[in-house]
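# Tertiary structure, described
Here are the chains, one letter per residue:
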Amino acid sequence: MNSILITGGAGFIGSHVVRLFVEKYPHYHIFNLDSLTYAGNLENLKDIEGKPNYTFIKADIIDESTLNALFKTYRFESIIHLAAESHVDRSIEDPLLFVKTNIIGTINLLNAAKKNWKGNFINKLFYHVSTDEVYGTLGETGLFTETTAYNPNSPYSASKASSDHFVRAYGETYGLPYVITNCSNNYGQNQFPEKLIPLFINNIINNKELPVYGDGNYTRDWLYVKDHAIAIDLVFHKGKQGNTYNIGGLNEWKNIDLVQLLCQQMDVALGRKKGISEKLITFVKDRPGHDLRYAIDASKIKNELGWTPSVTFEEGLKETIYWYLNNQIWLNNVTSGAYQSYYKKQYCN
Ligand code: NAD
Ligand code: DAU
């Protein structure tokens with residue numbers, strides 16, 4: 001049985017990847033390693049927790065000796081590494097945490113793989129899940145390709161860029177087999193409501209202001225999370241070792257336009273009068289170092305592996321909205337406690 005370690009599997013994207021692999025590959029054993037930070041939630045995987053090919057391990061990637069012990073016990077053959085601190089605003093508040101988790105945590109995993117695979121790299125793979133933010137910002141035109149120079153602007157993207165470099169360096173220096181994917185903004189079920197779309201859904205439900213940073217003329221390329229999970233499956237099985245693949249939604253939206261669309265869909269979903277939610281839009285102080293625009297050229301993954309997004313933004317957004325409306329217990333659970341003080345610090349100063 002193929003023993004696969006997925007890190008960060010209790011988080012947003014990780015939980016979709018874990019579910020896909022557990023259900024699609026009953027002959028693989030999926031080990032989900034997660035330290036369960038504020039962003040990790042085992043409720044995300046309730047439906048698969050009893051499956052015979054699934055094991056959850058509560059552990060921290062900063063703890064190298066535990067990683068080594070786990071490698072010895074479970075003999076992981078491949079790693080899909082998603083565990084990270086993932087929110088740009090939090091990285092501005094606490095860069096060092098991002099260095100610890102995203103850089104040192106990744107190096108610990110690389111070391112554990114190198115040490116335990118002992119130079120026998122047949123059927124081994126270190127798959128590093130990364131972000132388009134490593135490329136910095138685009139102007140009004142152009143797209144990020146796999147050869148765009150790294151130019152990160154936030155502590156988060158700097159930490160992810162560094163981790164990408166270490167993965168590549170372990171490939172070059174020690175021959176460790178790896179692939180890296182750099183993906184654009186994901187949205188969908190189970191995303192923690194600190195990121196734009198779920199934050200604003202939650203605020204609309206509760207009639208709270210929608211804090212749009214700056215003038216709202218920032219552009220992101222949005223991808224439905226299940227399409228990202230499908231791309232990861234494809235790259236894991238068919239991607240060329242030592243390669244990077246960009247993954248994107250072919251779906252650029254200015255924040256303000258996206259927020260208006262979201263407000264319209266929320267009015268319909270909540271049975272509110274047209275235009276009610278838009279009244280909540282409030283322009284607030286900009287994010288420091290705010291990248292103007294991200295957009296991905298996904299032609300490499302399309303041409304080599306045949307991947308393109310399968311869900312339109314309108315469909316995906318609607319599914320997402322109804323998921324949050326139908327899962328208000330989940331939403332209430334994750335927004336109680338520490339979330340309240342985060343929210344006050346971030347938005348009420
Ligand atoms: P998330 O914040 O929802 O989840 C991160 C998970 O990692 C959580 O379950 C958390 O508990 C776990 N974790 C954090 N620190 C850990 C540690 N020290 N040890 C073990 N587990 C730890 O993040 P996400 O949005 O699902 O992103 C997952 C990955 O994908 C990240 O590497 C991120 O950089 C990358 N990515 C995210 C997006 C996006 O739009 N969300 C886009 C491209 C790439
Ligand atoms: O591009 C991929 C990246 O996308 C991932 O690597 C990150 O993990 C993920 O968090 C995301 O980063 P962004 O900073 O683009 O996502 P966020 O949802 O935080 O913000 C999206 C846009 O909305 C951005 O331009 C900032 C703006 N924004 C965000 C928040 C939280 C607001 O205007 N108001 C807000 O309150």
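Up top is the structure.
Scope of this entry: the structure provided in the associated data block. Because the structure is predicted, anything quoted here is derived from the model rather than measured. All residue numbers refer to positions counted from 1 along the written sequence of the respective chain. Each chain is given a letter, starting from A, and each ligand a number, starting from 1, according to the order in which they appear as written. Under the rules for a predicted model, residues below a pLDDT of 70 receive no local features and side-chain atom pairs below 80 are neither given nor counted, while totals for whole chains, interfaces and linings still include all residues. Side-chain measures here rest on the full set of heavy atoms in the structure, leaving out hydrogens and waters.

Moving on, we get to the site of ligand 1. Inspection of the region around ligand 1 gives 29 residues, with D34, D60, S86, Y156 and K160 positioned closest. Between ligand 1 and G11 there is a distance of 2.9 Å, counted from an oxygen atom to a backbone nitrogen or oxygen. The definition of a polar contact used here is a pair of N or O atoms within 3.5 Å, where within protein one atom must be able to donate a hydrogen and the other to accept one, and adjacent residues in sequence count solely through side-chain atom pairs. Taking K160, its side chain carries an N or O atom lying 2.7 Å from an oxygen atom of ligand 1. Protein contacts shield 96% of the accessible area of ligand 1, which totals 840 Å² for the unbound molecule. Numbering of helices and strands starts at the N terminus; helices are DSSP runs of H or I of at least 4 residues and strands are runs of E of at least 2. When contributions to the shell around ligand 1 are tallied by element, the ones reaching two or more residues are α1 (12–24), β5 (125–131), α5 (155–174) and β7 (185–187). For each residue, the test is whether any non-hydrogen atom lies within 4 Å of the molecule or strand; if one does, the residue is near. Residue burial considers only the protein chains on display, and all accessible areas are found by Shrake-Rupley using a 1.4 Å probe.

A few words now on the packing of helix α4 (residues 95–117) against α5. Running from N to C, α4 and α5 point in directions that differ by 15 degrees, and their axes come no closer than 8 Å. The angle between the axes of α4 and α5 places the two elements in the roughly parallel class. α5 is crossed by α4, and the crossing has right-handed handedness. Facing α4, whose interface residues are P95, F98, N102, I103, T106, I107, L110, N111 and K114, α5 presents P155, Y156, S159, K160, S162, S163, F166, V167, Y170 and Y174. Three classes are used: nonpolar for Ala, Val, Leu, Ile, Met, Phe, Trp, Tyr, Cys and Pro, charged for Asp, Glu, Lys and Arg, and polar for all others, with Gly counted as polar. Among the residues making up the contact of α4 with α5, the classes are represented as eleven nonpolar, six polar and two charged. Angles here are taken between N-to-C directions and fall from 0 to 180 degrees, while the axes themselves are lines fitted to C-alpha atoms, restricted in helices to the stretch in contact. When an angle is under 35 degrees it counts as roughly parallel; over 145 it counts as roughly antiparallel; between 65 and 115 it counts as roughly perpendicular; any other value is oblique. Rotating anticlockwise by less than a right angle from the far helix to the near helix defines a left-handed crossing, while the corresponding clockwise rotation defines a right-handed one. The criterion used for residue contact is that any of the two residues' heavy atoms lie within 4.5 Å.

Helix length check: helix α7 (residues 225–238) (14 residues) gives 20 Å between terminal C-alpha atoms against 20 Å at 1.5 Å per residue, within 8%. The cut-offs for exposure are 20% and 50% of the maximum accessible area for each residue type, with area from a 1.4 Å probe on protein chains only; residues under the lower value are buried, those over the upper are exposed, and the others partly exposed. Within α7 the residues assigned to the buried category are V225, D227, H228, A229, A231, I232, D233, V235 and F236. By definition here, a helix of n residues has an expected span of 1.5 Å times n minus one.

Where helix α6 (residues 196–205) contacts helix α12 (residues 338–347), the axes come no closer than 15 Å and their chain directions differ by 100 degrees. In this view, α6 runs roughly perpendicular relative to α12, as classed from their interaxial angle. On α12, the residues touching L199, N202 and N203 of α6 are Y339, Y343 and Y347. Along the lines of polarity and charge, the residues of the contact of α6 with α12 split into four nonpolar, two polar and no charged.

Now for the environment of L176. Within the secondary structure, L176 sits in the loop between α5 and β6 (178–183). With 23 residues separating them in the primary sequence, L176 and L199 have C-alpha atoms 39 Å apart. Setting aside its immediate chain neighbours within four residues, L176 contacts L110, A113, K114, W117, F121, F126, Y170 and G171.

Further remarks concern the sheet that holds strand β4 (residues 78–81). The strand order β3-β2-β1-β4-β5-β6-β10 describes an open sheet built from seven strands, whose pairing is parallel. Edge strands, defined here as strands with exactly one partner in the open sheet, are β3 (54–58) and β10 (243–247). Pairs of neighbouring strands in the sheet enclose a mean axial angle of 20 degrees, with direction left out of account. Strands pair, by our definition, only if DSSP identifies at least two bridges between them. When strand β1 (residues 2–7) meets strand β2 (residues 28–34), the two strands line up parallel, connected through six bridges. In the sheet register, L5 faces β2, and the bridge partner there is F31. Running over the sheet, helix α2 (residues 64–74) touches β1, β2, β3 and β4 and is turned about 165 degrees from β2. Strand contacts of α5: β5, β6 and β10, with the helix running at about 155 degrees to β5, the strand carrying the most contacts.

Whether two aromatic rings pair depends on their centres lying within 6.5 Å, for rings of Phe, Tyr and Trp, where Trp uses its six-membered ring; planes under 30 degrees apart make the pair stacked, over 60 edge-to-face, and the rest tilted. Under the defined criterion, the tally for this structure stands at 25 aromatic pairs. Seen from their ring centres, F31 and Y74 are 4.6 Å apart, and the 40 degrees between their planes marks the pair as tilted. Note that F31 is positioned in strand β2 and Y74 in helix α2, a separation of 43 residues in sequence. Given the relative accessible area of 6%, F31 is considered buried. Accessibility expressed as a relative area gives 30% for Y74, which makes it partly exposed. On the basis of an interplanar angle of 65 degrees and a centroid distance of 5.4 Å, the ring pair of F31 and F76 is categorised as edge-to-face. Taken together, the residues span a long stretch of sequence, with F31 in strand β2 and F76 in the loop between α2 and β4 at a distance of 45 residues.

Quick look at the environment of A112 now. Along the chain, A112 turns up in helix α4. Remark: the alpha-carbon pair of A112 and A69, spanning 43 residues in sequence, is separated by 9.2 Å. Apart from residues lying up to four places away in sequence, A112 is in contact with L67, N68 and F71.

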